[in-house]
Amino acid sequence: MAEPAIGLFGLGLIGSAVAGRLLAAGYALRGCDPDAARGLDLERAGGTVCTAPEVWQADVVFSCVFDTDQLERLIDAAPQAGCTLVSLSTCDPDRMQGLADKAAQKGITLIEMPVSGTSRALANGSALLLIAGCKDTAARIDPILSAICANRLHVGGIGNGNRAKLAINLVLGLNRAALAEGMVFANALGLSSQEFLDMARVSAARSEVMDAKGPLMVARDFTPQGRIAQSLKDFTLIAERGAARGQGLPFANRYLEMMRDAVARGEGDLDNAAVLLPIERARP
């Protein structure tokens with residue numbers, strides 16, 4: 001049996017990680033991105049750059065666009081395709097069923113698969129994929145999904161993938177902020193960042209965030225694996241979905257304020273470990 005043709009929209013941090021995994025597994029991959037430099041990177045890795053209509057000719061198409069609006073525009077522009085569209089973006093869960101219905105009118109089956117983990121974790125296969133939508137469709141493409149990541153959970157119907165992702169991101173973002181604030185506080189008390197991190201890693205406060213983001217904070221290396229601007233987008237969704245259900249989220253709202261501050265100061269493209277910066281700027 002011939003291998004399925006695979007297409008990819010979006011070759012940023014997540015898209016390039018997906019591309020690397022699929023190409024390493026031996027799949028032929030065609031991709032599309034408005035940024036020509038990203039296309040060159042795909043070609044160097046062994047993929048093929050092509051037009052959007054050519055991507056839609058694939059059997060399975062991955063979408064790694066920025067947000068819900070971009071995903072909707074992608075579906076609106078799609079031809080009658082008959083493919084499976086797998087969305088890895090963090091999107092508004094309340095809009096996903098409507099987008100799935102739009103896609104279905106064009107013969108496209110939409111599957112949610114937001115990623116829990118950094119682009120680096122996705123690239124090395126250690127992230128978690130939160131799959132939602134038709135179980136039979138997800139099962140049919142599982143060999144492809146397994147090439148991307150071994151850790152996969154099917155969490156229910158369309159919308160549930162992003163509901164789970166937003167709730168997990170809330171906890172993850174607050175863990176990053178707690179680590180950053182603890183480090184800033186330790187510095188104010190006269191401890192070095194590395195001393196604090198070494199102690200925290202073997203303490204009752206330990207979290208995986210300390211391994212993933214602690215060294216970046218110590219080195220002040222904010223080369224992006226997941227950008228501040230993405231955290232702002234995600235926490236805006238979190239706050240909006242909470243408010244729509246009458247649920248206050250005081251810690252999430254404070255984190256959102258810090259993300260807005262960072263973006264306003266031109267720090268949106270830094271890694272989300274740079275939550276350290278607005279905390280450092282805080283005054284009593």
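A quick note: this is a predicted structure, and the numbers were derived from the prediction, not measured. (Residues numbered from 1 in each chain as written. Predicted model: local features only at pLDDT ≥ 70, side-chain atom pairs only at ≥ 80, totals over all residues. Heavy atoms only, no water.)

K.L.:
How should I be thinking about the overall build of the chain in this particular structure?
P.N.:
Looking only at helices and strands, one finds 15 helices and 9 strands in the chain. Its C-alpha radius of gyration of 20 Å places the chain within 12% of the 19 Å reference for a compact globule of 284 residues. Along the three orthogonal principal directions, the C-alpha set of the chain runs to about 65 × 45 × 35 Å. Going through the 284 residues of the chain one by one, you find that 49% of them count as buried. Long-range contacts, defined as pairs at least 24 residues apart, comprise 66% of the intrachain contacts of the chain with a sequence gap of at least 6. Each charge class in the chain was averaged separately, 28 positive and 31 negative side chains, and the resulting centres sit 2 Å apart. (Helix = DSSP H or I, 4+ residues; strand = E, 2+ residues; numbered from the N terminus. Rg over C-alpha atoms; globule rule 2.2 N^0.38 Å. Buried < 20%, exposed > 50% of the residue type's maximum accessible area, 1.4 Å probe, protein only. Contact = heavy atoms within 4.5 Å. Lys, Arg positive; Asp, Glu negative; His and termini not counted. Charge placed at Lys NZ, Arg CZ, Asp CG, Glu CD.)

K.L.:
Hey, could you run me through the sheet that holds strand S2 (residues 29-32) in this one?
P.N.:
Hydrogen bonding along the main chain pairs the strands of a sheet, whether they run parallel or antiparallel. The strand order S3-S2-S1-S4-S5-S6 describes an open sheet built from 6 strands, whose pairing is parallel. Edge positions in the sheet fall to strand S3 (48-49) and strand S6 (109-112), since each of these pairs with one other strand and no more. By the bridge criterion, 4 bridges tie strand S5 (residues 84-87) to S6 in an arrangement that is parallel. Its bridge partner lying in S6, serine 87 is registered against glutamate 112. (Pairing = 2+ DSSP bridges.)

K.L.:
So what exactly am I meant to see when it comes to helix H1 (residues 13-24) here?
P.N.:
Spanning 12 residues, H1 covers 17 Å between terminal C-alpha atoms, matching the ideal 16 Å at 1.5 Å per step. Within H1 the residues assigned to the buried category are Gly15, Ala17, Val18, Ala19, Leu22 and Leu23. On its buried face, H1 is in contact with strand S1 (6-9), S2, helix H2 (36-45), strand S4 (60-63), helix H6 (119-123) and helix H8 (142-148). Trailing H1 by a residue or two, glycine 26 shows a phi angle of about 95°, which is positive. (Expected span 1.5 Å × (residues − 1).)

K.L.:
Is there a simple way to explain the environment of threonine 109 in this structure?
P.N.:
The residue threonine 109 is located in strand S6 in this model. Put simply, threonine 109 and threonine 137 are 28 residues apart on the chain and 7.9 Å apart in space, counted from C-alpha to C-alpha. Not counting residues up to four positions away in its chain, the partners in contact with threonine 109 are Cys83, Thr84, Leu85 and Thr137.

K.L.:
Would you explain the sheet that holds strand S7 (residues 115-116) in this entry?
P.N.:
The strand order S7-S8-S9 describes an open sheet built from 3 strands, whose pairing is mixed. Sheet topology places S7 and strand S9 (151-154) at the edges, where each strand pairs with a single neighbour. Pairing of strand S8 (residues 128-131) with S9 involves 4 bridges; the strand directions are parallel. Residue pairing for S9: leucine 130 is matched across the bridge by leucine 153.

K.L.:
How should unusual backbone geometry be read in this particular structure?
P.N.:
Negative phi characterises most residues that are not glycine, and trans characterises most peptide bonds. The backbone phi angle of arginine 220 is positive, close to 55°, even though this residue is not glycine. Relative to the helices and strands, arginine 220 resides in the loop between helix H12 (214-219) and helix H13 (228-244). Its relative accessible area of 44% is what places arginine 220 among the partly exposed residues.

K.L.:
Can you help me understand the pairing of S1 in this one?
P.N.:
The side chains of a regular strand alternate, first on one face of the sheet and then on the other. Here S1 shows two buried faces, one formed by Ile6 and Leu8 and the other by Gly7 and Phe9. One ladder, built from 4 bridges, connects S1 with S2; its direction is parallel. In the strand pairing of S2, glycine 7 is matched with arginine 30. Read from S1 through H1 to S2, the crossover connection turns out right-handed. Across 4 bridges, S1 lies against S4 in parallel orientation. (Right-handed = clockwise from strand over helix to strand, strands pointing away.)

K.L.:
Just checking my understanding: could you explain the pattern of salt bridges for this structure?
P.N.:
Side chains bearing opposite charge may pair, as long as their charged atoms lie close to each other. With the rule as written, the count across this model stands at 22 salt bridges. A salt bridge links aspartate 35 to arginine 38, with the nearest nitrogen and oxygen atoms 3.9 Å apart. One salt bridge connects aspartate 261 with arginine 281, and the closest N-O pair in it is separated by 2.7 Å. One end of the pair, aspartate 261, is in helix H14 (residues 250-264); the other, arginine 281, is in helix H15 (residues 276-281), and 20 residues separate them in sequence. Counted as one network, the salt bridges with shared partners bring together Asp69, Glu72, Asp76, Arg95 and Lys102. (Salt bridge = Lys/Arg side-chain N within 4 Å of Asp/Glu carboxyl O.)

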